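Here is how the chains run, residue by residue.
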Amino acid sequence: MDNGYASYRRFLDGDDDGIACIIRDYKDGLIFYLYGICGNIATAEELMEDTFVKLAIKKPHFKGNSSFKTWLYAIGRNVALDHLRRESRMRTVSPDECAELTDDGEELLSSYLKEERSITVHRTMGKLCPDYRQVLWLVYFEEMTNQEAATVMNKNNRQIENLLYRAKRALKSELEKEGFVYEEL
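Remember, predicted model here, so these are calculated numbers, not experimental data.

Here the focus is helix α7 (residues 130-141). Each α-helix turn comprises 3.6 residues. Residues three or four places apart therefore point the same way. A rise of 1.5 Å per residue sets the reference length of α7, with its 12 residues, at 16 Å; its end C-alpha atoms lie 15 Å apart and thus fit the reference within 8%. Taken residue by residue, α7 has Tyr-132, Val-135, Leu-136, Leu-138 and Val-139 as its buried positions. Of the residues trailing α7, Glu-143 is marked for its positive phi of about 55 degrees.

Right under this line is the structure:
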């Protein structure tokens, strides 16, 4: 077993310096190896980082069938090949193929509009008094019950119901001032 495995074993046993040693010892060679696969030095650096992240987070089992360096480079190669596969799926689309994508475009537009509405509501909530903002946030965004919101805000259930009613009216009024009608209020 080589020094890389000893460092990896230390890392698995809880010594974070082990992974630092592995990165220090193998990063340059791994970058050049990955550059040979992808042909772009910036991408190779990102893939090197992804390889070490995979090593640190997933902590794959080293069986010892090869040297540690060979095993590490095999992980790097797999990360690079996965990246190349993802990139090959993201190809340019000819105008003839665009007709097939109109349904996706409509879904994207719908999603975009929904996101814009959400941003507008959040921005408008900033104009409300703090109690109104807080009760709306707790009930609608954190999905708390009125009773839970009452506990958080140190109020009783009836006060929360009144606050919620007033907050929705205030929010609706502010949204209408901006020319926006939010149907669900």
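More follows now that the structure is in view.
Under the counting rule described, the total for this entry stands at 6 salt bridges. With a shortest N-O distance of 2.5 Å, Arg-85 and Asp-82 are connected by a salt bridge. With Arg-85 and Asp-82 both in helix α4 (residues 68-89), this residue pair falls 3 residues apart, about one helical turn. Among the residues examined, Arg-85 registers a relative accessible area of 44% and is labelled partly exposed. Residue Glu-174 is joined to Lys-177 by a salt bridge in which the shortest nitrogen-to-oxygen separation is 3.3 Å. Here Glu-174 pairs with Lys-177, and both are found in helix α9 (residues 157-177), just 3 residues apart, close to one helical turn. We classify Lys-177 as exposed; its relative accessible area is 63%.

Conventions used here
- Residues numbered from 1 in each chain as written.
- Predicted model: local features only at pLDDT ≥ 70, side-chain atom pairs only at ≥ 80, totals over all residues.
- Heavy atoms only, no water.
- Helix = DSSP H or I, 4+ residues; strand = E, 2+ residues; numbered from the N terminus.
- Expected span 1.5 Å × (residues − 1).
- Buried < 20%, exposed > 50% of the residue type's maximum accessible area, 1.4 Å probe, protein only.
- Salt bridge = Lys/Arg side-chain N within 4 Å of Asp/Glu carboxyl O.

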